[in-house]
Amino acid sequence: MFGSRTDRQTVTCIGCGESVARSDAREYDKHGNRWERHEKEFEFFCTDCFSDLCRQPREGLETTLDAAGAGETDRETFLERYRELSEERNVER
Ligand SMILES: [Zn+2]
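Just so you know, the residues in each chain are numbered from 1, in the order the chain's sequence is written. Where totals are concerned, whole chains, interfaces and linings use all residues; where local detail is concerned, this predicted model gives features only for residues with pLDDT of at least 70, and gives and counts side-chain atom pairs only at 80 or more. Side-chain metrics in this entry use all non-hydrogen atoms of the structure; hydrogen atoms and water are not considered.

Student: Mind laying out the overall build of the chain, listing which residues take part and the relevant values?
Tutor: Helix numbers and strand numbers start at the N terminus; a helix is a DSSP run of H or I with at least 4 residues, a strand a run of E with at least 2. Scanning the chain from terminus to terminus reveals three helices and four strands. For the exposure calls, accessible area comes from a 1.4 Å probe over protein chains only, and a residue counts as buried if that area is under 20% of its type's maximum, exposed if over 50%, partly exposed in between. Expressed as a percentage of its 93 residues, the buried residues of the chain come to 32%. A contact between two residues is defined here by any heavy atoms of the two lying within 4.5 Å. Residue pairs in contact within the chain that sit at least 24 positions apart in sequence constitute 41% of those at least 6 positions apart.

Here's what the structure looks like:
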């Protein structure tokens, strides 16, 4: 479904795994320091996932992302854990 143009930089959403244009993605730094960019890898969410995440308390989000191993595990594992953790949280509310 994605356009064939490849001249735009794309990033991978860590929430759903979709490729999105860098310009459309939301940068997420789980360490909370956006100004220290030296040798850092940012993670990205597509706008859909980002707005989903923003409905959750930031504090819980950090915990969930960390618990899921954001930036430390491969993406498949992270997404799997993240979904599980998110579902648990949604159930508990
Ligand atoms: Zn997404």
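Student: Requested: an account of the pattern of salt bridges, with residues and values cited.
Tutor: One side-chain nitrogen of Lys or Arg within 4 Å of one carboxyl oxygen of Asp or Glu is enough to make a salt bridge. One pass over the full model with this rule turns up one salt bridge. Among the salt bridges present, the one from Glu27 reaches Arg22, with a minimum N-O distance of 3.0 Å. Residue classification places Arg22 among the partly exposed residues on the basis of a relative accessible area of 29%.

Student: Any details on the nonpolar core? Residues and values, ideally.
Tutor: Within this scheme, the nonpolar core is defined by two criteria: the residues are buried Ala, Val, Leu, Ile, Met, Phe, Trp, Tyr or Cys, and they are joined through side-chain atoms within 4.5 Å. Residues Phe45, Leu65, Phe78 and Tyr82 are the most contacted members of the largest nonpolar core, which totals 19 residues. If we ignore the near neighbours within four places in the chain, the residues touching Leu65 are Tyr28, Phe45, Ala70, Phe78 and Tyr82.

Student: Give a detailed account of a negative patch on the surface, specifying residues and quantitative values.
Tutor: Put simply, a patch holds well-exposed residues, over 30% relative accessible area, that have no salt bridge, with like charges counted together within 9 Å and Val, Leu, Ile, Met, Phe, Trp or Tyr side chains within 5 Å. Only the protein chains shown count as cover for residues, and the accessible areas themselves come from Shrake-Rupley with a 1.4 Å probe. In summary, the charge assignment counts Lys and Arg as positive and Asp and Glu as negative, without counting His or the chain termini. To locate a charge, take NZ of a lysine, CZ of an arginine, CG of an aspartate or CD of a glutamate. Where like charges cluster on the molecular surface, the negative patch consists of Asp74, Glu76, Glu80, Glu84, Glu87 and Glu88. Here Glu76 shows up in helix 3 (residues 75-92). By relative accessible area, Glu76 is classed as exposed at 57%.

Student: Summarise the confidence of the model for the chain; cite the residues concerned and give the values.
Tutor: Confidence scores labelled pLDDT are given residue by residue by the predictor and lie between 0 and 100. Mean pLDDT over the chain stands at 75; residues scoring 70 or higher make up 67%. Averaged over each element, pLDDT in the chain is lowest for helix 2 (residues 58-68) (74) and highest for strand 2 (residues 19-21) (92).

Student: So what's going on with the environment of Phe42? Residues and values would help.
Tutor: With respect to the secondary-structure elements, Phe42 resides in the loop between strand 3 (26-28) and strand 4 (43-45). Assessed through its relative accessible area of 15%, Phe42 is described here as buried. For the pair Phe42 and Tyr28, spaced 14 residues apart in sequence, the C-alpha separation works out to 6.1 Å.

Student: Give me the lowdown on the coordination of the zinc ion, citing residues and values where you can.
Tutor: Here the zinc ion is held by the protein donor atoms Cys13 (SG), Cys16 (SG), Cys46 (SG) and Cys49 (SG), which lie 2.3 Å from it. Water is absent from the atoms considered, so a metal site may look incomplete; donors are defined as N, O and S atoms within 2.8 Å of the metal, or 3.2 Å for Na, K and Ca. Here the metal geometry follows the donor angles, with tetrahedral for four donors whose angles all fall between 85 and 135 degrees, square planar for four and octahedral for six when opposite donors are more than 155 degrees apart and every other angle is between 65 and 115, and irregular for all the rest. Here the zinc ion is ringed by four donor atoms whose angles at the metal span 105 to 114°, and the overall shape comes out tetrahedral. Read N to C, the donor residues that coordinate the zinc ion are spaced as C-x2-C-x29-C-x2-C. Look at Cys16 and you get partly exposed, because its relative accessible area is 30%.

Student: Tell me about the packing of aromatic side chains, and please be specific about residues and values.
Tutor: Each aromatic pair joins two rings of Phe, Tyr and Trp (for Trp, the six-membered one) with centres within 6.5 Å, and gets the label stacked for planes under 30 degrees apart, edge-to-face for over 60, and tilted for any other angle. Going through the model one piece at a time under the given rule, you end up with one aromatic pair. Consider the rings of Phe78 and Tyr82, whose centres lie 5.7 Å apart with planes at 35°: the pair is tilted. Note that Phe78 and Tyr82 are positioned in helix 3 at a spacing of four residues, about one turn of the helix. Assigned by exposure class, Phe78 and Tyr82 land together as buried.

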